[in-house]
Amino acid sequence: MSHTSTLLQSRRRTRRRYVAMLFFVVALAVAWSLFWKYAADRAADLITDWRAHEAAAGRVYNCGSQTIAGYPFRIEVTCAPVSAEFRNFAPPLDVELPRILVAAQIYQPTLLISEFDGPVAIGDPGKPPEFEATWTLGQSSVRGLPAAPERVSLVFDAPELDHIAGGKRETWLTAKHLELHIRRAAPSDDGKVGIETGLRLEQASIPGFHPAAAEPLDAVIDTVLRGVKDFAPKPWRTRFRELQAAGGSIEVTQARIQQGDILAVGAGSLSLNATGHLDGQIRVTIAGLEQFLDKIGAKEMVQTSPAMDKLAGALDRLAPGLGNAARQQLGNNLGAGINALGEKSMLEGRPAVSLPLRFDDGAMFLGPIPIGKTPALF
């Protein structure tokens, strides 16, 4: 066989291999496209089933326009605009936002990543919104099936929450960054299940919570809510009522709050009584105690407390004006008194005092000193 004939046969074999590879690639692309189309159709069916399941539970989700994209490796569902009617809330609640994008990788369908645009409006059905929230970036992740998630995370950059009433807008919360993580917790020793929550705040101002929280603060708060069994959207007062009925508890596993020169860390366990008020104790360590007491107005709270009124009245009966003098003296020496009652310690290289933060039917005591009262949680 001549050299020319051998060369021609080699070229033919090479061409056949290229043609075979081309057909293989084309067949693979067609098969993958068909698989993606099946996955996209399946995703649409799952969304329809999930919406029906939620509607049956009193949570109605509406989508103005729904599109599915993401080929070749993702399924991306975009809905715009979005509205939700929480009819299972008391009273019912409406939520509206411009757009939400939910994405999942083909090879990891039980991890859903979402991005949503603001502003979101929240209020009673048929009425102007009572709250409005904005952010520069809003994301969530859900691991598990939509009807039974195992973990949920929410992340916001530059969130702001405003309360709207009587035509006036009042800012209740702003932050540089906010994260909320929720996942199922392992059963406790007594068999109670629950959920773990993790809150992260960076440079957050929360005047809607307390005037003392208006100055920016950083916070890390991890809890385990025992007696809570699901992630279903519901009012927190309903969730706390269920927790109390189940004999559950709020375990504060880690809390760290820093505001200016004030730094506090703590851990402990709380419960809810039949009226929805907190009972229990958190062991706290505080650096910058004097600033903290000034910030929360502890001096005024102690001086006007019912116990102080009773003591001042008794002293005034002994000598007019003695009760008022006692008020002033106690207020002026409040920080020193708490320092003396607490345990001296160090916190991140700073002198600090460690003592119990006690809750008794919602009333708060730092050591033996009353410093305020928390509202009923249901």
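Look up a bit, the structure's there.
Treat the numbers as computed from the prediction; the structure is a model and nothing was measured.

Novice: I'd like to hear about the overall build of the protein chain, residue by residue, with values.
Specialist: Helix and strand counts for the protein chain stand at seven helices and 21 strands. Buried residues in the protein chain amount to 34% of all 378 residues. A separation threshold of at least 6 residues defines the contact pool for the protein chain, and within that pool the share at least 24 residues apart is 51%. On the protein chain, roughly 21,400 Å² of surface is accessible, and the fraction owed to carbon and sulfur atoms is 61%.

Novice: Tell me about the nonpolar core, and name the residues and values.
Specialist: Burial of nonpolar side chains together is a common tendency in soluble globular proteins. Ile 250, Val 284, Phe 359, Leu 366 and Ile 371 are the most contacted members of the largest nonpolar core, which has 29 residues in total. Those elements that provide at least two residues to this core are helix H2 (236–245), strand S15 (249–259), strand S16 (262–272), strand S17 (278–287), helix H3 (289–296), strand S19 (350–360), strand S20 (363–366) and strand S21 (369–373). Listed in part, the 22 residues of the second largest apolar core include Val 95, Phe 116, Val 120 and Leu 217.

Novice: I'd love a proper account of the pattern of salt bridges, names of residues and values included.
Specialist: For the structure on display, the rule yields 14 salt bridges. Between Asp 222 and Arg 200 there is a salt bridge; the shortest N-O distance is 2.8 Å. Remark: Arg 200 occurs in strand S13 (residues 194–204) and Asp 222 occurs in strand S14 (residues 217–226); sequence separation between them is 22 residues. Arg 200 gets classed as partly exposed once you look at its relative accessible area, which sits at 27%. What you see here is one network of salt bridges that share partners, running through Glu 132, Asp 162 and Arg 169.

Novice: If you had to explain a nonpolar patch on the surface to someone new, which residues and values would you point to?
Specialist: On the surface, a cluster of nonpolar side chains totalling about 560 Å² of accessible area is made up of Trp 32, Phe 35, Tyr 38, Tyr 71 and Phe 73. Structurally, Tyr 71 is set in the loop between strand S1 (59–69) and strand S2 (74–86).

Novice: Tell me about the environment of Glu 130, and please be specific about residues and values.
Specialist: Mapped onto the secondary structure, Glu 130 falls in the loop between strand S6 (120–123) and strand S7 (131–134). The class of Glu 130 is partly exposed, set by a relative accessible area of 35%. When the C-alpha atoms of Glu 130 and Ala 165 are compared, they prove to be 6.5 Å apart, with 35 residues separating the residues in sequence. If we skip the residues at most four places from it in the chain, Glu 130 touches Ile 122, Gly 123, Asp 162, His 163 and Ile 164.

Novice: Talk me through unusual backbone geometry; I want residue IDs and the actual numbers.
Specialist: Along the chain, Tyr 71 connects to Pro 72 via a cis peptide bond; the corresponding omega equals 15°. For Pro 72, the location among the structural elements is in the loop between S1 and S2. Between Ala 80 and the following residue, Pro 81, the backbone shows a cis peptide bond with an omega angle of -15°. Among the structural elements, Pro 81 can be located in strand S2. The backbone of Gln 203 sits at a positive phi, close to 50°, despite the residue not being glycine. Structurally, Gln 203 is set in strand S13. The backbone of Asp 361 sits at a positive phi, close to 55°, despite the residue not being glycine. Counting through the fold element by element, Asp 361 comes out in the loop between S19 and S20. For Asp 361, a relative accessible area of 35% translates into the label partly exposed.

Definitions and cut-offs
Residues numbered from 1 in each chain as written. Predicted model: local features only at pLDDT ≥ 70, side-chain atom pairs only at ≥ 80, totals over all residues. Heavy atoms only, no water. Helix = DSSP H or I, 4+ residues; strand = E, 2+ residues; numbered from the N terminus. Buried < 20%, exposed > 50% of the residue type's maximum accessible area, 1.4 Å probe, protein only. Contact = heavy atoms within 4.5 Å. Areas by Shrake-Rupley, 256 points an atom, 1.4 Å probe, with all protein chains shown as cover. Core = buried A, V, L, I, M, F, W, Y, C linked by side-chain atoms within 4.5 Å. Salt bridge = Lys/Arg side-chain N within 4 Å of Asp/Glu carboxyl O. Patch = residues over 30% accessible without salt bridge, like charges linked within 9 Å, V, L, I, M, F, W, Y side chains within 5 Å.

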